[in-house]
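Residues per chain are reported as follows:
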Amino acid sequence: MPPSKFVKDRRIWEHPIITFSRGRKVKFYFEGQEVEAYEGESIAVALYAIGIDVFSWSRKLLRPRGAFCMVGKCSSCFMVVNGIPNRRTCIEPVRDGIKVERQRGLAPIPTEIPKYPEHPEEVIKTDVLVVGGGPAGLLAAITAAEYGLEVLLVNEHFKLGGQLVKQTHKFFGSKELFGGLRGFQIAEVLRNRIRELKNIRVLLQTTAYGIFRDGWVGLVGQDRVYRVKPRAVIVATGACEQYLPFPGNDLPGVMGAGGAQTLMNEYGVRPGDVALVVGSGNVGLIVSYQLLQAGIRVEAVLEIMPYIGGWFVHAAKIRRYGVPILTRHTVKEVWGSDRVEGATIVRVDDKFNPIPGTERDISCDLVLLAVGLAPDTRLFAQAGAIMRWVPELGGLVPLRTPYLETSIPNLYVAGDASGIEEATTAMIEGEIAGLSTALSMGSANSKAEERREYLLKFLWNEYRASPLLARARSGKEKATVSVDEMNILRKKYPPLTSFG
């Protein structure tokens, strides 16, 4: 492939809010050609920035696949890195001299075995294992550590912060809840606190792959595996972007709203030039405004319901820029060759059926899906926790007490893994889970219990009292049982494992 293929520059060099501090230049090889990136970028981001839209091809029909979630939750960015297939390049950093190739269908079996350390296994005993480095996981780790517990924090990404690092809007609420700060600023505050606490050990690019009998947890990193024996586990694994079924929904350029936020707000890379946004909840409205901030034209926001789903303040922002919000509309199909070139939208009736004759073509190179998230609860299901299907929370979630303990003793849930809500509630739940572990281990005093009760009352009686959060509140109520009810369930369905 000639170097002329890599002349496109999608990086954002001026932004009204964010200053992108790019690291030194890094050179690596993409399908035999030397390309440049910046230290701190992921492989997928670096390639997207120079105009590479197709990251892989599907297994059966060899259809092109491009960026979608950009947080390691899907398989669209699988590539071969230094001979190793199925690397999630959206969460793997660029390094000098690495060799990257795209996969076509099933990846070939590596011919060379990578070199691993002399002792590739490590056994770790710790008070608390926190899985997930987003808002809930960071608050849980900080809270547990502040009460003197030894904490092991693991995160699949090579950086901490989760969804916070891509949020440019100011958070509402009191200073205690980081009101007035932008999401990426909150992430930096929390990362700094993590660095200050010497009883927190952080493992990046590390995956928790299983919870086993006798309270062992398996982790795998870049070059070693870990067997962890914690006294308590807090799982804050976040959520996955939802798809929509329509012809062409797998074309590069059809992207999750969060994937676009990762590109433009975390790394300073334009996800496209002209966008169509599907979904008018807070995510869809906020990402539309962020696209405008990045200099990307937004043709319209589509909403299949007869009303806007997000807060009025977010809708008002994009309407001031002339962006129409089309209720009772959805995508009929997306078309293009190796990337989105346009979309056909259609009006729907009261039963959400397309109305013939209302189709309209829109030229765009980016279709963002902001149609909801699904909690990432695989660890809970694998561990044998009692699960419950709650549509209001995005799907299958673990049953929990008000103190966020699941049916497995000393296994806690927090954040979007407990059901889809806002980043603020994720941080509150993270603190509650951290306080619960400290109290259960006897390392906390009465002030911790008072703090937990205050947070629970605020969460249920004030924050979730908003009519806009009624659906989430209803879902959380369905997924929460009293401590006594949980004990009865444990006797009826004995846990497969426990911690303590």
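Residues numbered from 1 in each chain as written. Predicted model: local features only at pLDDT ≥ 70, side-chain atom pairs only at ≥ 80, totals over all residues. Heavy atoms only, no water.

**Description of the pattern of salt bridges**
Moving on, step 1. Tallying each qualifying case throughout the model produces 37 salt bridges.
Moving on, step 2. Note that Arg-10 is salt-bridged to Asp-53, the shortest N-O span being 2.8 Å. Taken together, the residues Arg-10 in the segment before strand 1 (25-30) and Asp-53 in the loop between helix 1 (43-49) and strand 3 (56-57) connect sequence positions 43 residues apart.
Moving on, step 3. By relative accessible area, Arg-10 is classed as buried at 8%.
Moving on, step 4. Residue classification places Asp-53 among the buried residues on the basis of a relative accessible area of 15%.
Moving on, step 5. Measuring nitrogen to oxygen at the nearest pair gives 3.3 Å for the salt bridge that ties Lys-159 to Glu-266. Linking Lys-159 in the loop between strand 9 (151-154) and helix 3 (183-196) with Glu-266 in helix 4 (residues 257-266), this pair joins segments that are 107 residues apart in sequence. (Salt bridge = Lys/Arg side-chain N within 4 Å of Asp/Glu carboxyl O. Helix = DSSP H or I, 4+ residues; strand = E, 2+ residues; numbered from the N terminus. Buried < 20%, exposed > 50% of the residue type's maximum accessible area, 1.4 Å probe, protein only.)

**A word on the packing of aromatic side chains**
Moving on, step 1. Applying the stated criterion across every chain yields a total of seven aromatic pairs.
Moving on, step 2. Their ring planes at 70° and their centres at 6.0 Å tell us that Tyr-289 and Tyr-321 sit as a pair that is edge-to-face. Here Tyr-289 is found in helix 5 (residues 282-293), whereas its partner Tyr-321 is found in the loop between helix 6 (312-320) and strand 18 (325-327), with 32 residues between them in sequence.
Moving on, step 3. When its relative accessible area of 22% is taken as the criterion, Tyr-289 is described as partly exposed.
Moving on, step 4. Residue classification places Tyr-321 among the exposed positions, given a relative accessible area of 55%.
Moving on, step 5. Residue placement shows Arg-10 over the ring face of Tyr-48; its charged tip is 4.5 Å from the ring centre. (Phe/Tyr/Trp six-rings, centres within 6.5 Å; stacked < 30°, edge-to-face > 60°. Lys NZ or Arg CZ within 6 Å of the ring centre and 35° of its normal.)

**Overview of the domain arrangement of the protein**
Moving on, step 1. Domain boundaries in the protein define domain 1 (25-104), domain 2 (121-240 + 375-492) and domain 3 (253-373).
Moving on, step 2. Distance from the C-alpha centre of domain 1 to the C-alpha centre of domain 3: 26 Å.
Moving on, step 3. Across the boundary between the two partners, domain 1 contributes 14 residues, which contact 15 residues of domain 3.
Moving on, step 4. When domain 1 packs against domain 3, the two sides together hide about 1100 Å² of surface, and 64% of this comes from carbon and sulfur. (Domains from an automatic or database assignment. Contact = heavy atoms within 4.5 Å. Buried area = accessible area lost by both parts, 1.4 Å probe.)

**What about helix 10 (residues 470-479)?**
Moving on, step 1. Taken together, the buried positions of helix 10 are occupied by Ala-472, Gly-475, Lys-476 and Ala-479. For helix 10, the angular spread of buried residues about the axis comes to 100°, placing them on one side.
Moving on, step 2. Its buried side turned inward, helix 10 meets strand 24 (387-390), strand 25 (395-398), helix 8 (423-440) and helix 9 (446-462). (Arc of directions from axis to C-beta.)

**Side note on the packing of helix 2 (residues 135-146) against helix 8**
Moving on, step 1. Running from N to C, helix 2 and helix 8 point in directions that differ by 30°, and their axes come no closer than 7 Å. Looking at the two axes, helix 2 sits roughly parallel to helix 8. Crossing geometry of helix 2 relative to helix 8 is assigned as right-handed. On helix 8, the residues that touch Pro-135, Ala-136, Leu-139, Ala-140, Thr-143 and Ala-144 of helix 2 are Ala-423, Ala-426, Met-427, Gly-430, Glu-431, Gly-434, Leu-435 and Thr-437.
Moving on, step 2. By residue class, the composition of the contact of helix 2 with helix 8 is nine nonpolar, four polar and one charged. (Axes fitted to C-alpha atoms, helices over the stretch in contact; angles between N-to-C directions. Parallel < 35°, antiparallel > 145°, perpendicular 65-115°, else oblique. Left-handed = near helix turned anticlockwise from the far one by under 90°. Nonpolar A, V, L, I, M, F, W, Y, C, P; charged D, E, K, R; others polar.)

**Examining the nonpolar core**
Moving on, step 1. Core analysis: the biggest nonpolar cluster contains 52 residues, and Phe-28, Leu-47, Phe-55, Val-100, Met-255, Leu-291 and Leu-368 have the highest contact counts within it.
Moving on, step 2. Broken down by element, this core gets its largest block of residues, seven residues, from helix 1.
Moving on, step 3. Summarising the domain contributions, this core has at least three residues from each of domain 1 (25-104) and domain 3 (253-373).
Moving on, step 4. Listed in part, the 47 residues of the second largest apolar core include Val-151, Ile-194, Leu-197 and Ile-234. (Core = buried A, V, L, I, M, F, W, Y, C linked by side-chain atoms within 4.5 Å.)

**Describing the packing of helix 5 against helix 6**
To describe two helices that pack against each other, one gives the angle between their axes and the distance between the axes.
Moving on, step 1. Between helix 5 and helix 6, the shortest axis-to-axis distance is 9 Å and the interhelical angle comes to 35°. Like other packed secondary-structure pairs, helix 5 and helix 6 cross with a definite hand, here left-handed. Together, Asn-282, Leu-285, Ile-286, Ser-288, Tyr-289 and Leu-292 of helix 5 and His-314, Ala-315, Lys-317 and Ile-318 of helix 6 make up the contact between the two elements.
Moving on, step 2. For the contact of helix 5 with helix 6, the per-class residue count stands at six nonpolar, three polar and one charged.

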